[in-house]
Amino acid sequence: MIAHARRITAVCVLGATLAACGGAGTSGTAKPAPAQPHSSSPSPSPSSTRPPVMAPGPGGLAPVFAHGPRDKGKTVALTFDADMTADEGPRAAAGEHFDNPGLISALRSLKVPATVFMTGKWADTYPDEARSLGQDPNFEVANHSYSHYAFTSSCYGLPTIAPDQIRTEVDRTYASLRKAGVPDPVPYFRFPGGCYDNQVLRTLNASGVTAVQWDVVSGDAFATDADAVVRQVLDGVKPGSVVVMHCTRSAAPTTERVVRAVVPELRKQGYTFVKVSQMIGATAGHR
């Protein structure tokens, strides 16, 4: 979960109450332990028409994508993190809403394509909603780890997974997505909190995914002033922008209202909404 813009550089206090928190860019340093490769890794998408991915970086680092071309028209990708940490099942069972059907309904009624980065725990908790998103051609579902624990230390207070669990987090999430009925999850991964380092990228590269960051922080996490979030998005969007928002009602309650205001305004400015896969496909260096 990305912290509110006014607190983006502050450390987020998680305790037992927050789903996640983070910010753009890198943070922390993973423990210097070698990754333990799995004997097999499920392909992110079994489809015969594989979505485009970026070529790996130098030194065998997984590629990182933050925004699309600035000079190929006014396109923008809205992305939504469907977060749940591994230990939040009891809170969901008690009635806390980590989903946001109203937001999804708004995107559908506005005919806005979007990319949803989903944790495996979220898919396990809301399998019907995961399946509905995964089978809707207007959406693509990507990997946001299973537990939403940080991949590096010092990542906004998130618990940290061991380096040898990175591949497990990715693979387990794809298994949960398919179990829920998402037939073709795309080969894109978003780091919990947006935190990574070169050691993490080196380990992640074996999974064949492109790490997807963003260049516009909406500030919807924990926000109560929808108008402030709308202004932040509209002020930040440029051609090729990737906007990060959240699909978690309890921790991002204004997002539906933000989308209903932002979408018509950006269309009025001449923007076209695309999925991340379309943006990567228009970017030099993809394959």
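The present account deals with the structure reproduced in this document. (Residues numbered from 1 in each chain as written. Predicted model: local features only at pLDDT ≥ 70, side-chain atom pairs only at ≥ 80, totals over all residues. Heavy atoms only, no water.)

1. Quick word on the overall build of the protein
(1) Moving on: The helix and strand inventory of the protein stands at nine helices and nine strands.
(2) Moving on: By the burial criterion, 55% of the 287 residues in the protein qualify as buried.
(3) Moving on: For the protein, long-range pairs separated by at least 24 residues make up 82% of all intrachain contacts whose partners lie at least 6 apart in sequence.
(4) Moving on: Surface exposure of the protein reaches about 11100 Å², of which carbon and sulfur atoms provide 54%. (Helix = DSSP H or I, 4+ residues; strand = E, 2+ residues; numbered from the N terminus. Buried < 20%, exposed > 50% of the residue type's maximum accessible area, 1.4 Å probe, protein only. Contact = heavy atoms within 4.5 Å. Areas by Shrake-Rupley, 256 points an atom, 1.4 Å probe, with all protein chains shown as cover.)

2. Focus on helix α5 (residues 166–180)
(1) Moving on: The end-to-end C-alpha distance of α5 is 22 Å, a good match for the 21 Å that 15 residues give at a rise of 1.5 Å each.
(2) Moving on: Every buried residue of α5 is listed here: I166, R167, E169, V170, D171, T173, Y174, S176, L177 and A180.
(3) Moving on: Where α5 is buried, its residues contact β3 (114–118), α3 (120–125), α4 (127–134), β4 (139–143), β5 (188–189) and α6 (198–204).
(4) Moving on: Just past α5, the residue G181 takes up positive phi, approximately 110°. (Expected span 1.5 Å × (residues − 1).)

3. Re the state of the cysteines
(1) Moving on: On inspection of all chains with the given rule, the structure shows one disulfide.
(2) Moving on: Two residues share a disulfide in this structure: C155 and C195, whose sulfurs sit 2.1 Å from each other. Sign of the S-S torsion, about 85° for the bond between C155 and C195, identifies this disulfide as right-handed. In this pair, C155 sits in the loop between β4 and α5 while C195 sits in the loop between β5 and α6, placing the two residues 40 residues apart along the sequence. (Disulfide = S-S within 2.5 Å.)

4. So, the pairing of β4
(1) Moving on: With five of five residues buried, β4 lies mostly within the body of the structure.
(2) Moving on: Taken together, the five bridges between β3 and β4 define a ladder with parallel strand orientation. From the neighbouring strand, V116 faces β4, where its bridge partner is V141. (Pairing = 2+ DSSP bridges.)

5. Remarks on the layout of surface pockets
(1) Moving on: For the largest pocket, the calculated volume is near 230 Å³.
(2) Moving on: In this structure, the largest pocket is lined by 20 residues; those nearest its centre are P51, F139, E140, D184 and V186.
(3) Moving on: With three residues, the top contributor of residues to the lining of the largest pocket is β4. (1 Å grid on protein atoms, 1.4 Å probe; cavity = no way out; pocket = protein on both sides within 12 Å on 5 of 7 lines; lining within 4 Å. Points joined across faces, edges and corners; volume = space filled by probe spheres on them.)

6. A closer look at the side chain of D220
(1) Moving on: Relative to the elements of secondary structure, D220 occurs in the loop between β7 (216–217) and α7 (226–236).
(2) Moving on: Within the buried set, D220 has no salt-bridge partner at all; the shortest N-O distance to an opposite charge, 9.4 Å, is to R190.
(3) Moving on: Within polar-contact distance, the side chain of D220 engages the side chain of S218 at 3.0 Å.
(4) Moving on: Of note is the side chain of D220, whose polar atom sits 2.8 Å from the backbone nitrogen of H246.
(5) Moving on: Not counting the four nearest positions on each side in its chain, D220 is found in contact with V229, V244, M245, H246, A251, A252, T254 and T255. (Lys, Arg positive; Asp, Glu negative; His and termini not counted. Salt bridge = Lys/Arg side-chain N within 4 Å of Asp/Glu carboxyl O. Polar contact = N/O pair within 3.5 Å; in protein donor to acceptor, adjacent residues only side chain to side chain.)

7. Some remarks on the side chain of T173
(1) Moving on: If you trace the backbone, T173 turns up in helix α5.
(2) Moving on: For T173, a relative accessible area of 0% puts it in the buried group.
(3) Moving on: Sequence-distant contacts of T173, that is, excluding residues within four places in its chain, are made with M118, T119, G120, N143, H144, S145 and Y146.

8. What about the packing of aromatic side chains?
(1) Moving on: The final tally for this structure, using the stated rule, is five aromatic pairs.
(2) Moving on: Between F151 and F191 the ring centres are 5.8 Å apart and the planes differ by 80°, which places this aromatic pair in the edge-to-face class. Of this pair, F151 sits in the loop between β4 and α5 while F191 sits in the loop between β5 and α6, and the two are 40 residues apart along the sequence.
(3) Moving on: Judged by its relative accessible area of 2%, F151 falls in the buried class.
(4) Moving on: Residues F189 and F191 carry aromatic rings whose centres are separated by 5.2 Å and whose planes lie at 85° to one another, so their mutual orientation is edge-to-face.
(5) Moving on: Through successive ring pairs, a cluster of aromatic residues spans F151, F189, F191 and Y196. (Phe/Tyr/Trp six-rings, centres within 6.5 Å; stacked < 30°, edge-to-face > 60°.)

Bear in mind that shape data such as this cannot, by itself, settle questions of function.
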